[in-house]
Amino acid sequence: MIKLSVFTVCTPELTPEQLIQAAEAAGIQGIEWRYAGIPQEATKEAPSFWRNNRCSIDPQGDAAIVDTIRQQTDKHRIRSIALVPYVKCGDLDAAAQAFATAKQLDVQMMRVGVPSYNGERHIEDLQEEAVRYLDAIQDMAQQYGIKALVETHHGTIAPSASLALRLVERFNPAHIGVLYDPGNLVHEGYEHHRMGLEMLGPYLAHVHVKNSAWQQQNGQWQSDWAPLNEGIVRWAPIVRHLQQLGYDGYLGVEDFSGQWAGETMLRHFTDTFLALLRQDHEQEALL
């Protein structure tokens, strides 16, 4: 049965304790923790997704904070399902530190980095670099008992399901999988969602929920984030595809639209996706 989770990058105004309580109140079962510090100059700024994000775990912070988070999630019967660091491809020391924190949190998944793509290096060179890195990552994942995730993300060598699969298909899906993000595919990498999900098969480990749209600005088309129900991604068919294909993982909200914040955003997400999970498979045509 599909479950709901939240990635704390999209709740920057909440502290970890507030987020845990809000997730429980909204009926969310899992939490993905943003693993990044706050720049000193950003601490006096308003909360924001990528700078003053109060709902983050600092890699340089006190390990006791991680223990406190684990105690709080246990108390509120919420599962910490993933740690989401911003580790660059090739940085095995940072990956090892993140895996150790992930183990301390008792999560089941952790995102790992893949090379960016800007046309300066040949794609085959970048893929070879990523595969060498993932080979070492697989050993760590097996050691810690935590699945490493490659995310479908624009601006990288894995913007689509097929290109992510090209990176991971030589590895054991018990240790390395794919985080499928349809909202990112609006920016770059779109493939028919059902086809992508079918291709990923056992490598499909997690799904992020957000939306994006294209708009004209100064005569140029540009993509940007959009509210969950107002972007290009049609979530009802995707949820139905996931159910039909037997997916029983999490749908994790990562809303960057700014339409809602904190507890309000979590309640909206829960109401929207619980309704989709309940609706008849035949109500809408497949994409």
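Quick caveat: nothing in here was measured; it's all calculated off a predicted structure.

### Observations concerning the overall build of the chain
Each helix and strand in the chain was counted, giving nine helices and 11 strands. Radius of gyration (C-alpha) of the chain: 18 Å, near the 19 Å computed for a compact globule of 287 residues. Over its C-alpha atoms, taken along the principal directions, the chain stretches across nearly 50 × 45 × 45 Å. The buried share among the 287 residues of the chain stands at 53%. Contacts in the chain between residues far apart in sequence, at least 24 positions, make up 77% of those at least 6 positions apart. On the chain, roughly 13,000 Å² of surface is accessible, and the fraction owed to carbon and sulfur atoms is 47%.

### Thoughts on the nonpolar core
Among the nonpolar cores identified, the biggest contains 83 residues, and Trp33, Leu167, Leu251 and Phe273 are the most heavily contacted of them. The leading source of residues in this core is helix α4 (residues 123–144), at nine residues. With residues up to four places along the chain from it excluded, the contact list for Leu251 reads Ile2, Lys3, Leu4, Ser5, Val207, Val209, Val239, Leu242, Phe269, Phe273 and Leu277. Listed in part, the seven residues of the second largest apolar core include Ile81, Met109, Leu179 and Tyr250.

### Overview of the packing of aromatic side chains
This structure, assessed with the given rule, holds seven aromatic pairs. Their ring planes at 10 degrees and their centres at 5.6 Å tell us that Phe99 and Tyr144 sit as a pair that is stacked. Linking Phe99 in helix α3 (residues 92–105) with Tyr144 in helix α4, this pair joins segments that are 45 residues apart in sequence. Comparing Phe99 with Tyr144, the two get one shared label, buried. Grouped by ring-pair contacts, the aromatic residues Phe49, Trp50, Trp225 and Phe256 constitute a single cluster. The positively charged end of Lys3 is found above the aromatic ring belonging to Tyr250, 4.9 Å away from the centroid.

### Things to note about helix α2 (residues 63–75)
Taking 1.5 Å per residue, 13 residues should reach 18 Å; α2 reaches 19 Å between its end C-alpha atoms and fits that length. Of the positions making up α2, those classed as buried are Val66, Ile69, Gln72 and Thr73. Buried residues in α2, looked at end-on, bunch into an arc of 125 degrees, giving them a common side. Exposed side of α2, more than 90 degrees from the buried face: Gln71, Asp74 and Lys75 are the residues found there. Capping the start of α2 is the job of one residue whose side-chain oxygen sits 2.9 Å from the backbone nitrogen of Ala64: Asp62. Count one or two residues on from α2 and you reach Arg77, which has phi positive near 55 degrees.

### So, the environment of Pro47
Within the secondary structure layout, Pro47 lies in the loop between β2 (30–35) and β3 (56–57). We classify Pro47 as partly exposed; its relative accessible area is 40%. Separated by 72 residues in sequence, Pro47 and Gly119 have C-alpha atoms that sit 34 Å apart. Those residues in contact with Pro47, other than ones at most four positions away along the chain, are Pro12, Glu13, Asn52 and Arg54.

### Points about helix α9 (residues 262–278)
Helix length check: α9 (17 residues) gives 25 Å between terminal C-alpha atoms against 24 Å at 1.5 Å per residue, within 8%. Taken as a whole, α9 has its buried residues at Gly262, Met265, Leu266, His268, Phe269, Thr270, Thr272, Phe273, Leu276 and Leu277. On the buried face of α9, the contacting elements are β1 (3–7), α1 (16–26), β8 (204–209), α8 (235–244) and β11 (250–253).

### A short note on the pairing of β1
Burial of β1 is extensive: four of the five residues sit out of reach of the surface. Relative to β11, β1 is paired through four bridges, and the arrangement is parallel. Among the inter-strand pairings, Val6 is bridged to a residue of β11, identified as Val253. Taken together, the three bridges between β1 and β2 define a ladder with parallel strand orientation. Its bridge partner being in β2, Phe7 is matched across the sheet by Glu32.

Reading the values: the criteria
- Residues numbered from 1 in each chain as written.
- Predicted model: local features only at pLDDT ≥ 70, side-chain atom pairs only at ≥ 80, totals over all residues.
- Heavy atoms only, no water.
- Helix = DSSP H or I, 4+ residues; strand = E, 2+ residues; numbered from the N terminus.
- Rg over C-alpha atoms; globule rule 2.2 N^0.38 Å.
- Buried < 20%, exposed > 50% of the residue type's maximum accessible area, 1.4 Å probe, protein only.
- Contact = heavy atoms within 4.5 Å.
- Areas by Shrake-Rupley, 256 points an atom, 1.4 Å probe, with all protein chains shown as cover.
- Core = buried A, V, L, I, M, F, W, Y, C linked by side-chain atoms within 4.5 Å.
- Phe/Tyr/Trp six-rings, centres within 6.5 Å; stacked < 30°, edge-to-face > 60°.
- Lys NZ or Arg CZ within 6 Å of the ring centre and 35° of its normal.
- Expected span 1.5 Å × (residues − 1).
- Arc of directions from axis to C-beta.
- Polar contact = N/O pair within 3.5 Å; in protein donor to acceptor, adjacent residues only side chain to side chain.
- Pairing = 2+ DSSP bridges.

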